[in-house]
Amino acid sequence: MAKKIDFMCTAFRDGFQSAYGARVQTPDFLPALEATRDAGIQYFEAGGGARFQSLYFYCNEDAFDMMDAFRETAGPEANLQTLARGVNVVGLESQPSDVIKLHAEMFKKHGMTTIRNFDALNDVNNLIYSGQCIVDAGLKHQVVVTMMELPPGCTGAHDADFYSSILKQILDAEIPYDSVCFKDASGTAVPSKVYETIKRARKMLPKGTYIHFHTHETAGVSVLAYKAALDAGADAIDLSLAPCSGGTCQPDVLVMWHALRGSDYTLDIDIDKIREAEEVFKECMSDYFLPPEACAVEPLIPWSPMPGGALTANTQMLRDNGIMERYPEIIKAMSDVVRKGGYGTSVTPVSQFYFQQAFNNVIFGPWEKIAEPYGKMVLGYFGKTPVAPDAEIVALASKQLELEPTTRPALEMNDEDPSKGLEVARKQLQENKLPETDENLFIVATCKDKGLAFLLGKAELGIRKVEPATTSEPSPATGQPGQPAQYSLSVNGKEYFLAFEGNNVTVDGNVYQVAISNRTAGESTVTANTGDVTEVTAQMPGVVLRTVANSGDTVLAGDTLLVLEAMKMEVAVASPCNGTVREMLVGVGDHVANGQKLASVG
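Residues numbered from 1 in each chain as written. Predicted model: local features only at pLDDT ≥ 70, side-chain atom pairs only at ≥ 80, totals over all residues. Heavy atoms only, no water.

Within the protein chain one finds 19 helices and 22 strands. Burial status across the protein chain gives 55% buried among its 602 residues. Here the protein chain has roughly 24,800 Å² of accessible surface; of this, 51% comes from carbon and sulfur atoms. (Helix = DSSP H or I, 4+ residues; strand = E, 2+ residues; numbered from the N terminus. Buried < 20%, exposed > 50% of the residue type's maximum accessible area, 1.4 Å probe, protein only. Areas by Shrake-Rupley, 256 points an atom, 1.4 Å probe, with all protein chains shown as cover.)

Following this line, the structure appears as structure tokens:
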């Protein structure tokens, strides 16, 4: 008799992240969730990870409301699992104890059952307190060993011996857990290594321990890796549903069902009902832009192990900033960044650190500018990397960031950091006259300025949808009754779709708030001045996160004038000289192009 294999449906969390950069609004997918529930699936990934921040950053939605709606639709008996990043919980930034504890309590309050908890560096110290908080909150804790394949030619970690040593550290630390997961977010782990790792784990763990294996199709070996995991003794795998399956996502339920036909394993599902649910899901997502790179196997991923969930999130940001053509250079540059970074697993947040540094190496020149998160990682501020990072890169990071390398536990440093924690978030809520609920505290603590912008009603939509059909003749400026005015705009041979509706303009699926005013003919936008004036221009495209200086302020060379956000990095734009700010040409929320004039100082 074939062994029944459990699986978690990842379509509505990891699927969204891997296919759409996590930018999906809740009402759009609930009918598909309902159909999947009716098809008999009761184990879902329901939030956490990028699907927490993205709702505030891009969807103008509350992630806690999404989780409530997910629970209501999935039903009271469903096992709803979310993803957490150890001491980073659901952000890119490492957090102190009070935020980690509140994370578990809030996710329990809003209907979650299980939290899959991992550390991208496989630093077990980062799993001890976070795991205890999950259990104390009344949730099931799925503790994780993170996996990937090192770029060809690299050795020293990420083999069966390494994973066994991490699992032993977890057991020796007596971290409470309900199940164990081996998580390969980049889909690069060699199937034979998956087999050996889980076979050893089965011998190390107490009899009956529930073992889960997670991978992606990005490198094209996911089905073979899943079969290897099952043969080694895994109890469960992760599967998705079309259109969020294959490519950068998990294999489709239908694909895995087919692959296991006639074998010793079965998914034990009503395949016809699953097919019906997929048709509903496809219809729900029909107007969302599905990036071509989300649908393909990428043979070069083993050389630059980028997780499916990070790949499309980053390409969406490149599209937002009009530099998608640089993606092949960036992904190629990532290999060197991984080789020199200490072999942290390429899964969020480390995968983002890798991509940010590769981005900087392409935009500014190799190792000319250390991305702060990558620099802090090699210096030890997120925990211990599996192997020592390249000594020259460590020295460069220390010099540029003006930080000394450290071996102190990340949680200990976070608890001492006066810029982090719930009291800092509380003060921000008070200053902005916002309710001091636990939810609001957590949103501001983990999402910073963008979380605050959401609570203040200033969040922007950043969802990319399929462009509607346009004609060569523009519609009237007023549009049809109840319809936005639509235009097809050609700039240097490139076509853009624009739709105006009140103070909102949609440009290729991205919505911006605008204001248009008349200007007297001949009126200058340059402030008159005497003496030399130095222009300050953007060195990379991005969005103005905040302004620090104003017109008329006296500044010194090196003083921060404003801060841009690009590729989830905060990039300070400094004054190039001593003087007075003659003009500040951009404001918070403005999208700026590479080389665009931002301010002038003289």
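With that out of the way, let us pick up the side chain of Arg 51. Here Arg 51 shows up in helix H3 (residues 50-57). Although Arg 51 lies buried, it forms no salt bridge, and the closest oppositely charged side chain, Glu 61, sits 5.7 Å away as judged by the N-O distance. In this structure, Arg 51 is in contact with Phe 12, Arg 13, Phe 16, Ala 22, Val 24, Phe 29, Ala 63 and Met 66, ignoring residues within four places of it in sequence. (Lys, Arg positive; Asp, Glu negative; His and termini not counted. Salt bridge = Lys/Arg side-chain N within 4 Å of Asp/Glu carboxyl O. Contact = heavy atoms within 4.5 Å.)

This part takes up the pattern of salt bridges. A complete count under the given rule lists 29 salt bridges for this structure. A salt bridge links Arg 326 to Glu 329; the nearest nitrogen and oxygen atoms lie 2.6 Å apart.

Here the focus is the sheet that holds strand E17 (residues 554-555). Read across the open sheet, the four strands follow the order E15-E22-E20-E17; overall the sheet is antiparallel. Sheet topology places strand E15 (534-537) and E17 at the edges, where each strand pairs with a single neighbour. Here three bridges tie strand E20 (residues 579-584) to strand E22 (residues 597-601), and the two strands are oriented antiparallel to one another. From the neighbouring strand, Met 584 faces E22, where its bridge partner is Ala 599. (Pairing = 2+ DSSP bridges.)

You can see Ser 335 is positioned in helix H13 (residues 327-340). Using a relative accessible area of 10% as the deciding quantity, one classes Ser 335 as buried. Within polar-contact distance, the side chain of Ser 335 engages the backbone oxygen of Trp 303 at 2.9 Å. Among residues more than four places away in sequence, those in contact with Ser 335 are Pro 151, Trp 303 and Ser 304. (Polar contact = N/O pair within 3.5 Å; in protein donor to acceptor, adjacent residues only side chain to side chain.)

Now for the nonpolar core. Among the nonpolar cores identified, the biggest contains 152 residues, and Phe 12, Phe 70, Phe 107, Phe 182 and Tyr 374 are the most heavily contacted of them. A per-element tally of this core places helix H19 (residues 438-455) first, with nine residues. With near-sequence residues (within four places) excluded, Phe 107 lies in contact with Gly 48, Phe 52, Phe 64, Met 67, Thr 82, Val 90, Met 112, Ile 115 and Phe 442. Of all hydrophobic cores here, the second largest spans 17 residues; its members include Ala 549, Val 571, Val 581 and Met 584. (Core = buried A, V, L, I, M, F, W, Y, C linked by side-chain atoms within 4.5 Å.)

A separate point is helix H7 (residues 160-172). With 13 residues, H7 ought to run about 18 Å at 1.5 Å a step, and its terminal C-alpha atoms sit 18 Å apart, in line with that. Taken together, the buried positions of H7 are occupied by Ala 160, Phe 162, Tyr 163, Ser 164, Ile 166, Leu 167 and Ile 170. A positive phi of about 55 degrees marks Glu 174, the residue just after H7. (Expected span 1.5 Å × (residues − 1).)

Summed over the entire model, instances satisfying the criterion amount to 24 aromatic pairs. Relative to Phe 16, the ring of Phe 12 lies with its centre 6.0 Å away and its plane at 70 degrees, an arrangement referred to as edge-to-face. Given the relative accessible area of 0%, Phe 16 is considered buried. When the centroid spacing of 6.3 Å and the interplanar angle of 75 degrees are considered together, the rings of Phe 12 and Phe 70 count as edge-to-face. Within this pair, whereas Phe 12 is found in the loop between strand E2 (6-9) and helix H1 (14-20), its partner Phe 70 is found in helix H4 (residues 63-74), the two being separated by 58 residues in sequence. Joined through ring pairs, the aromatic side chains of Phe 12, Phe 16, Phe 29, Phe 44, Phe 70 and Phe 281 make up one cluster. The lysine or arginine in question, Lys 369, covers the ring of Phe 364, its NZ or CZ lying 6.0 Å from the ring centre. (Phe/Tyr/Trp six-rings, centres within 6.5 Å; stacked < 30°, edge-to-face > 60°. Lys NZ or Arg CZ within 6 Å of the ring centre and 35° of its normal.)

Contact geometry for helix H14 (residues 350-363) and helix H15 (residues 372-379): axes closest at 8 Å, N-to-C directions at 120 degrees. Here H15 runs oblique to H14, going by the angle between their axes. Judged by the sense of rotation from one axis to the other, the crossing of H14 with H15 is left-handed. Between H14, through Val 350, Phe 353, Tyr 354, Gln 356 and Gln 357, and H15, the contact on the second element is made entirely by Pro 373, Tyr 374 and Met 377. Classifying every residue of the contact of H14 with H15 by side-chain character gives six nonpolar, two polar and no charged. (Axes fitted to C-alpha atoms, helices over the stretch in contact; angles between N-to-C directions. Parallel < 35°, antiparallel > 145°, perpendicular 65-115°, else oblique. Left-handed = near helix turned anticlockwise from the far one by under 90°. Nonpolar A, V, L, I, M, F, W, Y, C, P; charged D, E, K, R; others polar.)

Bringing the environment of Tyr 354 into the picture now. By the secondary structure assignment, Tyr 354 is in helix H14. The buried category is assigned to Tyr 354, whose relative accessible area is 0%. Distance from Tyr 354 to Ile 331, taken between C-alpha atoms, is 9.6 Å for residues 23 residues apart in sequence. In this view, Tyr 354 contacts Met 334, Val 337, Val 338, Tyr 343, Gly 344, Ser 346, Tyr 374 and Met 377; residues no more than four positions away in its chain are not counted.

On to the packing of helix H2 (residues 26-38) against helix H11 (residues 271-284), then. A packed helix pair is summarised by two numbers, namely the angle formed by the two axes and the spacing between the axes. Where H2 contacts H11, the two axes come as close as 8 Å, and the packing angle between them is 180 degrees. Regarding the angle of H2 to H11, the classification is roughly antiparallel. Contact residues: H2 offers Asp 28, Pro 31, Ala 32, Ala 35, Thr 36 and Asp 38, while H11 offers Lys 273, Ala 277, Val 280, Phe 281 and Cys 284. By residue class, the composition of the contact of H2 with H11 is seven nonpolar, one polar and three charged.

Quick look at helix H16 (residues 391-401) now. Among all positions in H16, only Ile 393, Val 394, Ala 397 and Ser 398 are buried. The buried residues of H16 all sit within an arc of 135 degrees when viewed along its axis, so they share a single face. Among the exposed residues of H16, those oriented more than 90 degrees off its buried face are Ala 391, Glu 392 and Lys 399. Packing partners of the buried residues in H16 comprise H13 and H15. The opening residue of H16 is Asp 390, an N-cap whose side-chain oxygen sits 3.0 Å from the backbone nitrogen of Glu 392. The first or second residue beyond H16 is Glu 402, which carries a positive phi of 55 degrees. (Arc of directions from axis to C-beta.)

A few words on the pairing of strand E5 (residues 114-117). Because side chains alternate across E5, one face comprises the buried residues Thr 114 and Arg 116, and the other comprises Ile 115 and Asn 117, equally buried. Two strands pair when backbone bridges link them, and strand E4 (residues 79-84) and E5 are joined in this way by four bridges, in the parallel orientation. Looking at the pairing, Leu 83 lines up with Arg 116 of E5. In this fold, E4 hands off to helix H5 (residues 97-109), which returns the chain to E5; that crossover is right-handed. Examined bridge by bridge, E5 and strand E6 (residues 140-146) share four bridges and lie parallel to one another. Pairing of Asn 117 across the sheet is with Val 143, part of E6. Note that the unit made of E5, helix H6 (residues 125-136) and E6 has a crossover that is right-handed. (Right-handed = clockwise from strand over helix to strand, strands pointing away.)

In short, geometric facts, not functional conclusions.
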